[in-house]
Amino acid sequence: MFAMFAVWRRNFLVWRRLLGPSLVLNIGEPFLILVGLGFGVGYFIGEIGGMRYLDFVASGIIASSAMFTASYEALWSVYTRMVPQRTYEALLATPLGVADIMLGEVLWCATKCTFTGACILLVVALFGSVHGPGALLALPVVFVSGVCFASMAMVVTTRARSYDFFSYYLTLFITPMFVFCGVFYPVEVLPPAAEAVAQWLPLTHAVALLRPLVVGQPLDQPLLHFAVLLAYTAASLWVALKFARRRLLV
């Protein structure tokens with residue numbers, strides 16, 4: 001089990017050399033969305049749910065950035081290491097097993113999105129949208145969310161035959177979550193059928209955990225939200241490991 005940290009360390013040493021471009025990619029886009037919507041759209045909306053729209057959308061952006069960062073890393077980066085670079089073939093020639101590699105990758109994806117979340121949280125704090133020291137508890141939630149979204153993306157990666165395959169996952173699953181899971185507005189305003197679907201999606205529960213922590217409100221049903229994230233994680237990891245063994249152990 002501890003062998004997975006060797007995979008994590010390998011990825012960290014590579015990423016350390018690409019820290020600058022990585023920050024631009026993972027922080028730049030959420031920052032632009034935050035400024036454009038928080039100040040632009042927020043000027044016309046004013047308040048939503050008893051808070052400034054800037055505060056409302058800022059916490060949502062932290063959750064969605066965790067989803068995107070973990071998903072992109074588990075899709076493009078993992079596929080690159082698995083297929084074009086053939087890194088996993090070299091790793092499997094060592095005492096490492098398939099489970100060690102997959103768990104190490106998921107751990108790395110979650111670590112990377114936690115770092116990105118911390119940077120965005122700092123930006124949000126500079127905008128005055130962090131209310132109270134409880135916001136620091138958002139980082140463990142970002143980590144758990146990163147594990148969840150990375151595990152789901154790994155299922156797709158272990159089945160993909162090219163980079164183009166990822167477009168299906170992004171278009172049919174990631175983008176709908178970004179739009180409908182409470183990042184920009186409460187899910188309660190959706191039509192009943194759409195709200196029911198949104199309540200089953202993991203980003204809804206990540207947002208429900210992160211928003212109260214960032215804006216200084218009490219958590220509502222935290223055990224339920226964590227249970228949903230952990231259920232997605234467990235199911236996805238089980239499937240991803242099964243597909244990975246079929247693909248890598250020829």
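What you see is a predicted model; the values in this text were computed from it and never measured. (Residues numbered from 1 in each chain as written. Predicted model: local features only at pLDDT ≥ 70, side-chain atom pairs only at ≥ 80, totals over all residues. Heavy atoms only, no water.)

Draft legend 1. Inspection of a positive patch on the surface at higher detail. Together, R159, R161, K242 and R246 make up a positively charged patch on the protein surface. Structurally, R161 is set in the loop between α6 (138-159) and α7 (166-180). Its relative accessible area of 63% is what places R161 among the exposed residues. (Patch = residues over 30% accessible without salt bridge, like charges linked within 9 Å, V, L, I, M, F, W, Y side chains within 5 Å. Areas by Shrake-Rupley, 256 points an atom, 1.4 Å probe, with all protein chains shown as cover. Salt bridge = Lys/Arg side-chain N within 4 Å of Asp/Glu carboxyl O. Lys, Arg positive; Asp, Glu negative; His and termini not counted. Charge placed at Lys NZ, Arg CZ, Asp CG, Glu CD. Helix = DSSP H or I, 4+ residues; strand = E, 2+ residues; numbered from the N terminus. Buried < 20%, exposed > 50% of the residue type's maximum accessible area, 1.4 Å probe, protein only.)

Draft legend 2. Structural context of the nonpolar core. Of all hydrophobic cores here, the largest spans 72 residues; its most connected members are I62, M67, Y88, M102, M177 and L203. Top element by residues in this core is helix α3 (residues 53-82). It accounts for 17 residues. Discounting residues that sit within four places of it in the chain, I62 has contacts with I120, L121, V124, V142, L210 and V214. (Core = buried A, V, L, I, M, F, W, Y, C linked by side-chain atoms within 4.5 Å. Contact = heavy atoms within 4.5 Å.)

Draft legend 3. The arrangement of α7 in detail. With 15 residues, α7 extends 20 Å from end C-alpha to end C-alpha; this agrees with the ideal 21 Å at 1.5 Å per step. At I174, α7 shows its maximal bend, which comes to roughly 30°, and the proline P176 appears one to four places after that position. Here α7 has its buried residues at F166, Y169, L170, I174, M177 and F178. Taken from the residues just after α7, G182 is the one with a positive phi, measuring 95°. (Expected span 1.5 Å × (residues − 1). Bend = angle between axes of the 7 residues up to and from the residue.)

Draft legend 4. Broad picture of the packing of helix α5 (residues 98-126) against α6. Direction vectors running N to C along α5 and α6 enclose 135°, while the axes themselves pass 8 Å from each other. Looking at the two axes, α5 sits oblique to α6. Our pair here, α5 against α6, has a crossing hand that is right-handed. Contacts between α5 and α6 involve M102, E105, V106, L107, C109, A110, T111, C113, T114, G117, A118 and L121 from the former and L139, V142, F143, G146, V147, A150, S151, M154 and T158 from the latter. Tallied by class, residues from the contact of α5 with α6 come to 14 nonpolar, six polar and one charged. (Axes fitted to C-alpha atoms, helices over the stretch in contact; angles between N-to-C directions. Parallel < 35°, antiparallel > 145°, perpendicular 65-115°, else oblique. Left-handed = near helix turned anticlockwise from the far one by under 90°. Nonpolar A, V, L, I, M, F, W, Y, C, P; charged D, E, K, R; others polar.)

Draft legend 5. Just the pattern of salt bridges, in detail. Inspection of every chain in the model, using the stated rule, returns five salt bridges. Notably, a salt bridge pairs R81 with E105, separated by 2.8 Å at the nearest N-O pair. Pair noted here: R81 is in helix α3 and E105 is in helix α5, with a separation of 24 residues, a long-range link. Take R81 and E105: they sit in the same class, and that class is buried. R86 is paired through a salt bridge with E89; the nearest N and O atoms lie 3.0 Å apart.

Draft legend 6. Spotlight on the packing of aromatic side chains. The full count for this structure, using the stated rule, is 19 aromatic pairs. With centroids separated by 5.5 Å and ring planes inclined at 80°, the aromatic side chains of F39 and F127 adopt a geometry described as edge-to-face. Here F39 is found in helix α2 (residues 19-45), whereas its partner F127 is found in the loop between α5 and α6, with 88 residues between them in sequence. The class of F127 is partly exposed, set by a relative accessible area of 24%. Over the face of the ring belonging to F243 we find R159, whose NZ or CZ atom lies 4.7 Å from the ring centre. Directly above the aromatic system of F56 lies the positively charged group of R211, at a separation of 3.6 Å from the ring centroid. (Phe/Tyr/Trp six-rings, centres within 6.5 Å; stacked < 30°, edge-to-face > 60°. Lys NZ or Arg CZ within 6 Å of the ring centre and 35° of its normal.)

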